[in-house]
Structures are given as structure tokens and as C-alpha cells.
Amino acid sequence: MTLQQTSSQKDTDAGEPPRSGLALLFPGQGSQHEGMGKRIAQLSKAARQIFSDADDVLDTDVSRLCFEGSEEELEDTVNTQPAMLTTSIAHLAYLRERLEELGRRLWPSLIAGHSLGQYSAAVAADALDFSDGLRLVQKRGRIMADWAKDRPGGLAAVLGLQDDDVDQICREASSEGTVAIAVHNCPGQVVISGDTASLENAMSAAKERGGRVRRLPISVPSHTPLMRDAARELARFSERLSFRNPSPPLVSNISAKLLTTAEEVREELSNQICAAVQWARCVIAMANEGAGPFVEVGPGQALTNLLRRIKGDTEGLATENASDASLRSLAETLPHAVPVEAAPRRQNGT
């Protein structure tokens, strides 16, 4: 079934307006920064409510962490994950609120998130309640932190080398451990992940071959088979939560296929912790389905920058630095708002 068939059938069944082609992208770990969320909370009542809800759900001061947390605090994966999801969903609430003020409805055709951002994407697609999404990423952060104590590792970005060359480097560096490509971001940019010793060997080899290498502030070898046990633990926790069919479809980090059922989303969120993120394929698949423009919803503009390198002819906008003029321009591409009784607002903002 194609995207067009899926969307038109849902629109007919639910009496909803036709989807616009808009694609939403949600950033992952690494896009956090000091003060993230503060500006959006100042701009939007709906965003402020998201931060307040997060504080209540997790019984901790998530909003303080997002507004005032230090770089060191935000790099702790136990803090990063709920803070990123909260800030991204606050951006979504702000975007929906502003577009409604302009008489338009945020009605995307596809949604995807980069690594951790896939959890924000699941909430945005109403496959998961915001409260359950928070509990799930909090659990994910704790699992990853506990796992790193027993087998420390990490990630590093490698730029300027072909994927095949990096793959060979990783195989050669894995003689006494494991290191592998964890994220395919765009041509000439990948992230490698593995045990500390193997990772350092691969980093040195990549530099020797002319690559630019940067160690990332993450101490867990995520998105590699090393994390299978962590994935199983996360899957057991996710079984306690209620998932729904996503609307609109999510695009898989693992396969770049459209996810249309609750169980597909549940499996994606559990399995991606031990599988490589195919981000370039994911974006290309969305473009091939006719999606566009693309809007990055959350802190930073890393995905907007990657979008230019993956498909330079594709329009992108990041909510963090979007001007009112750019939002008005975006609104012109979207369907007019419809009466609330004809299309009730979904709980999570789409």
C-alpha cells in the first residue's frame, strides 16, 4: 500500500481533510543544548503545558533541566532522553498552536525521528501517549546507563570517508572487541559505535585514512548488536504500555519502511537500540513518497543540515530558529483549519 492510498483511505474513513505532504523530523541525542526549551516556553502557552505535564508525569523537575540544566547534566543519558522528548513535543505544541492562529491545521503525511527522536515521532503520531513516551525514554536512559557501567563504550562521528571504507575499518578494529557503523547520516558522514578499545582503534585508523573524527559525548555503544540484551529489557517494559496505530505513518530508522500498526511501532522502538540507524535511506524514502516540505521539530537544526546533504533540492525548516515569516510561508502550504467537531484534536498534537 502506498502512502497516498494509506492517507486517502484514512481521510475518507475519519472525515479528515487531505494531508498536505508535510514531513516532520524529530532530532535525537546530541541535539540537546543548554537552555533548550526556554524560548519555546516563553512563546507558547501550549509548550509551557507540555513542560508542566512532564514534571508531573516523572515527578521531577524536567522543565528546570531543559531551561537551566548544565551541559554536563544534559549529557547524562538518564537526563538527556526525557529532556529531549519533552522539548521536542513542546516544539510540536508550539508549532500546532501558531499554525492554528494562522487558520491552518498541522496535518503531516509522514513522521520520522533520528534515533531517540523516533520516540518523539511515535508520540507525535499518536502511537503512544506523551506520558507513556516519557516513561519509556526514562527507562531507556536507565537501561543504557546501567549497561554502560558493565561494558563501557561510545560513539564517534566519522566524516569524509566512504561507508565501505569505514565498514572495513570497523571489521579490522574488531579483532578483540566490537565496533560497527551505528548511524548512516548522509553521504560521507557516519557514526561508529563499540567497545572503548575497539572504538579508539577504529578512530585512529579512520584518521590515518584521511577521515575527520569526533568522539561524541555518549558512553554507550548504542545501535550495535552489543545492545541486544538492553533491547530485550526495553521490549519487556514496552509490553506494559498501550500502543496505537500511528497516524500518519512513521518511517522506520531500521528499514526505511512505513510503519502503520501499533505492533510495528512497538518493535521499532525496542529493536532500534541494537540496530543501525539508516537515516539517509529514511529521508530518501520519505521524499520518494512525495513528502515535503520537511520541518525539524525540536532543539537544534542538525536534521535540517543533514537534509541538505541527502537531498539538496528538498525544502527544510527548523522550528528552533524559525521566524514568524517562515511559519507564515509554511502555513500557506497547509490545509485550512476545520471545525473542532469535524476533526477533534488528537492528544499528542498532530
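One can find the structure itself at the top, above this paragraph.
Residues numbered from 1 in each chain as written. Predicted model: local features only at pLDDT ≥ 70, side-chain atom pairs only at ≥ 80, totals over all residues. Heavy atoms only, no water.

**Concerning unusual backbone geometry**
Definition in use: Helix and strand definitions here come from DSSP, where helices need a minimum of 4 consecutive H or I residues and strands a minimum of 2 consecutive E residues; each element is numbered from the N-terminal end. The classification of residues rests on relative accessible area computed with a 1.4 Å probe and restricted to protein chains. Under 20% of the type maximum is buried, over 50% is exposed, and intermediate values are partly exposed.
The linkage connecting Ser 247 with the following residue, Pro 248, adopts the cis geometry, with an omega of 10°. By secondary structure assignment, the location of Pro 248 is in the loop between helix 11 (228-238) and strand 7 (250-251). The linkage connecting Gly 292 with the following residue, Pro 293, adopts the cis geometry, with an omega of 5°. Locating Pro 293 in the fold gives a position in the loop between helix 13 (279-288) and strand 9 (294-296). Phi is positive for Asp 59, close to 50°, though the residue is something other than glycine. Although it is not a glycine, Ala 256 adopts a positive phi angle of roughly 65°. If you trace the backbone, Ala 256 turns up in the loop between strand 7 and strand 8 (258-259). Exposure remark for Ala 256: the relative accessible area of 11% places this residue in the buried category.

**Section: the packing of helix 13 against helix 14 (residues 302-310)**
Our working rule: Angles here are taken between N-to-C directions and fall from 0 to 180 degrees, while the axes themselves are lines fitted to C-alpha atoms, restricted in helices to the stretch in contact. For classification purposes, an angle smaller than 35 degrees is called roughly parallel, one larger than 145 roughly antiparallel, one from 65 to 115 roughly perpendicular, and anything else oblique. Contact between two residues is taken to exist if any of their heavy atoms lie within 4.5 Å; hydrogens are not considered. Nonpolar residues are Ala, Val, Leu, Ile, Met, Phe, Trp, Tyr, Cys and Pro. Charged residues are Asp, Glu, Lys and Arg, and all others, Gly as well, are polar.
Between helix 13 and helix 14, the shortest axis-to-axis distance is 10 Å and the interhelical angle comes to 75°. Relative to helix 14, helix 13 is oriented roughly perpendicular. On helix 14, the residues that touch Trp 279, Ala 280, Val 283 and Ile 284 of helix 13 are Leu 303, Leu 306, Leu 307 and Ile 310. Grouping the amino acids of the contact of helix 13 with helix 14 by side-chain chemistry returns 8 nonpolar, no polar and no charged.

**Looking at helix 13**
Within helix 13, 7 of the 10 residues are buried, leaving the element largely enclosed by the surrounding structure. Taken together, the buried positions of helix 13 are occupied by Trp 279, Ala 280, Cys 282, Val 283, Ala 285, Met 286 and Ala 287. At the C-terminal side of helix 13, Gly 290 shows a positive phi close to 90°.

Note that every value here comes from positions in space, so none of it alone points to a role or purpose.
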